[in-house]
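Analysis of the macromolecular model
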Amino acid sequence: METPEQIKSRLETAVPDAKIEILPNDCPVGERSLLVDPVRILAVAKFLRDDPQLRLDYCSNVTGVDWPAAEVTEKIKVKQVVNGVENEIEEVKKTVRPGFLEVVYHLYSMELKHGPVVLRQRTTNRDAEAPAISLTPVWRGCEFQEREVFDLFGIRLEGHPDLRRILMWDGFKGFPMRRDYVAPDDFEYEPTPHDEVLEQAQKHYPPEVKA
Amino acid sequence: MAEGSADMEMKTGAEPGSDATMPNGSTLHSGVDEGLRSELQKQGIYTTSLQELYNWGRANSVWPLTFGLACCAIEMIAASMARFDLARFGAEVFRPSPRQADLMIVAGTVTKKMAPLVVRLYNQMPEPKYVIAMGACAISGGPFKQGYNVLKGIDRYLPVDVSIPGCPPRPEALIHAIMTLQEKILNQKLTGPERPRHLVEGAPSEFPVPACGEHDLEPPSNPELWQPPIMTRK
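What you are looking at is a predicted structure, and each value in this text was computed from that prediction instead of being measured.

Right, let's talk about the overall build of chain A for a bit. Helices and strands together make up the secondary structure of chain A, namely 5 helices and 9 strands. Against the 2.2 N^0.38 benchmark of 17 Å for 211 residues, chain A shows a C-alpha radius of gyration of 23 Å, more extended than a compact globule. Here the C-alpha coordinates of chain A stretch approximately 70 × 70 × 30 Å along the principal axes. Counting over 211 residues, chain A shows a buried share of 24%. When contacts within chain A are restricted to residue pairs at least 6 apart in sequence, those whose partners lie at least 24 apart make up 55%.

Before going further, it helps to spend a moment on the packing of helix α3 (residues 72–80) of chain B against helix α6 (residues 171–186) of chain B. Residues and elements named next belong to chain B. Running from N to C, α3 and α6 point in directions that differ by 75°, and their axes come no closer than 8 Å. Here α3 is positioned roughly perpendicular relative to α6, judged by the angle of their axes. Residues E75, M76, A78 and A79 of α3 pack against P171, L174 and I175 of α6. Within the contact of α3 with α6, the residues separate by chemical class into 6 nonpolar, no polar and 1 charged.

Now for the interface of chain B and chain A. Much of the literature gives interface size as the accessible area that the parts lose upon coming together. Taken residue by residue, the interface counts 14 residues in chain B and 15 residues in chain A. Among the residues forming the side of chain B that touches chain A, the class breakdown is 6 nonpolar, 3 polar and 5 charged.

What follows deals with unusual backbone geometry. Residues and elements named next belong to chain A. Put simply, G115 and P116 share a cis peptide bond, and its omega is -5°. Looking at where P116 falls in the secondary structure, it is placed in strand β7 (residues 114–122). With a phi close to 50°, R55 is a non-glycine residue in the positive phi region. With respect to the helices and strands, R55 occurs in the loop between α2 (41–50) and β3 (58–67). Residue class for R55 comes out partly exposed when judged on the 18 C-beta atoms lying within 10 Å of it.

Let's shift gears to the domain arrangement of chain B. For chain B, the domain assignment lists domain 1 (20–48) and domain 2 (72–188). Relative to domain 2 of chain B, the C-alpha centre of domain 1 of chain B lies at a distance of 33 Å.

In a beta sheet, neighbouring strands are held together by backbone hydrogen bonds and run either parallel or antiparallel to one another. Residue and element names in this part refer to chain B. Taken in spatial order, the 3 strands make up an open sheet running β3-β4-β5, and their pairing is parallel. The open sheet terminates on both sides in strands that have one partner only, identified here as β3 (103–107) and β5 (162–164). Between one strand and the next, the sheet's axes are offset by a mean angle of 15°, whatever the strand orientation. In terms of strand pairing, strand β4 (residues 130–134) meets β5 through 3 bridges, oriented parallel. Opposite I132, over in β5, you have V162 as the bridge partner.

What follows is about the sheet that holds strand β1 (residues 20–23) of chain A. Residues and elements named next belong to chain A. A sheet is described by the order of its strands in space; here 5 strands give the open sequence β1-β2-β7-β6-β3, paired in mixed fashion. Looking at the sheet topology across the chains shown, the edges are occupied by β1 and β3. Strand-to-strand twist of the sheet, defined as the mean angle between neighbouring strand axes without regard to direction, takes the value 25°. Bridge count between strand β6 (residues 100–109) and β7: 7 bridges; the pairing is antiparallel. Paired with H106 across the bridge in β7 is V118.

For α6(B), which comprises 16 residues, the first-to-last C-alpha distance of 22 Å matches the rise-based estimate of 22 Å (1.5 Å per residue) to within 8%. Those residues of α6(B) that sit buried are P171(B), L174(B), A177(B), I178(B), L181(B), Q182(B), I185(B) and L186(B).

With that settled, consider the pairing of strand β8 (residues 130–133) of chain A. All names here are of chain A. Pairing geometry for β8 and strand β9 (residues 155–158), over 4 bridges, is parallel. Note that in β9 the partner of P131 across the bridge is R156. In this fold, the crossover linking β8 to β9 by way of helix α3 (residues 142–153) has right-handed handedness.

Here we take up the packing of helix α2 (residues 50–59) of chain B against α6(B). Residues and elements named next belong to chain B. It is at 8 Å that the axes of α2 and α6 come closest, and there the two elements cross at 160°. As the angle between them shows, α2 and α6 are arranged roughly antiparallel. α2 and α6 meet at a crossing whose hand is right-handed. Along its contact with α2, which presents N55, W56, R58 and A59, the element α6 presents Q182, I185 and L186. Of the residues assigned to the contact of α2 with α6, the class counts are 4 nonpolar, 2 polar and 1 charged.

What counts and how
Residues numbered from 1 in each chain as written. Chains lettered and ligands numbered in written order. Predicted model: local features only at pLDDT ≥ 70, side-chain atom pairs only at ≥ 80, totals over all residues. Helix = DSSP H or I, 4+ residues; strand = E, 2+ residues; numbered from the N terminus. Rg over C-alpha atoms; globule rule 2.2 N^0.38 Å. Buried ≥ 20, exposed ≤ 12 C-beta atoms within 10 Å, placed from the backbone. Contact = placed C-beta atoms within 7 Å. Axes fitted to C-alpha atoms, helices over the stretch in contact; angles between N-to-C directions. Parallel < 35°, antiparallel > 145°, perpendicular 65-115°, else oblique. Nonpolar A, V, L, I, M, F, W, Y, C, P; charged D, E, K, R; others polar. Domains from an automatic or database assignment. Pairing = 2+ DSSP bridges. Expected span 1.5 Å × (residues − 1). Right-handed = clockwise from strand over helix to strand, strands pointing away. Left-handed = near helix turned anticlockwise from the far one by under 90°.

Next comes the structure, spelled out in structure tokens:
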């Protein structure tokens with residue numbers, strides 16, 4: 001199968017105004033993914049499906065990722081003039097990267113028996129119903145998995161034929177798979193608590209037992 | 001038999017309290033002397049009480065509701081198939097309608113979305129009815145106990161008769177639970193303060209169905225059936 005670079009260059013000729021980026025992967029498998037701008041992702045998806053060399057006709061998995069706002073530290077070389085002598089000084093620059101949500105698609109080809117190609121799209125913010133583009137019109141099998149992404153991450157996938165909650169009930173508030181979701185405090189006795197459950201358990205011990 | 005009493009017995013000269021023992025070790029409260037009974041049986045006369053007959057019939061035709069929630073249901077299906085053969089205990093008649101079922105086997109994880117439906121199905125079953133909580137999830141929530149979407153045990157909405165631990169329990173464990181339930185039914189006295197719920201006037205046969213709230217079920221448990229355990233840690 002083609003490398004991500006090859007796919008990217010062919011995509012850029014097929015869909016000229018699409019912004020495509022190859023995301024690195026540090027894990028041993030090193031499976032890189034294509035990050036596509038939501039504006040043109042539908043055209044990109046159609047190309048990936050219909051291109052005779054790729055024929056990615058099967059979307060096996062759709063999932064979401066929550067990226068909360070994080071502080072990024074960068075080392076930047078800054079030129080400074082001290083007493084008439086120009087010096088290069090390293091400065092640590094701290095910037096806050098705004099949070100966003102990501103939808104990940106794993107694509108395979110049943111016809112050519114290759115894959116996966118990992119496709120990602122990102123929302124611009126982490127609002128309650130941050131918009132992204134649904135790929136159900138391209139791969140019909142995405143429907144339920146995109147509903148799950150909507151249900152658990154709160155990403156509104158534009159163009160989805162039936163966007164409703166699927167695992168939680170209709171009156172449910174919040175998105176449980178987001179990092180900042182706080183579940184109702186209904187801790188109950190646990191015989192062998194550990195880690196987060198231990199912290200929770202200690203909060204619920206009567207005060208005289210705590211000490 | 002006279003006076004319509006459920007535990008009217010045949011009058012014998014034998015001492016009271018000598019109960020007949022079933023082959024599986026349970027005791028039948030017929031009140032008939034065992035020696036006299038076997039002597040009479042040799043002559044082709046079978047003595048029994050209405051209570052004994054009634055319980056014997058009920059215990060050997062426990063019809064479960066066709067109802068599976070997760071992987072425990074696979075073990076329940078296996079228990080009803082040829083290898084384990086639940087039919088030996090008269091409990092293989094899985095009914096597709098709650099109106100014809102005596103036993104609800106809660107086999108699997110009860111999510112908060114599913115819990116109101118489980119309670120409603122129980123309410124639709126006619127008395128006398130029994131509940132087996134099968135597996136760690138149905139008993140306590142199991143590995144999902146501290147999660148956000150799994151009920152921490154069906155016992156907070158329904159009166160559970162037999163709990164089977166295991167993840168999932170083997171079909172033998174389910175068979176053991178059904179035998180335990182049979183023993184419980186066989187030993188039920190139909191009169192007196194310990195009579196089963198369906199013979200107590202005014203006792204509830206339906207339990208309130210919880211509603212789905214914004215984050216949890218409302219109410220999170222039925223306080224008449226279940227109270228949170230009190231922690232004493234030293």
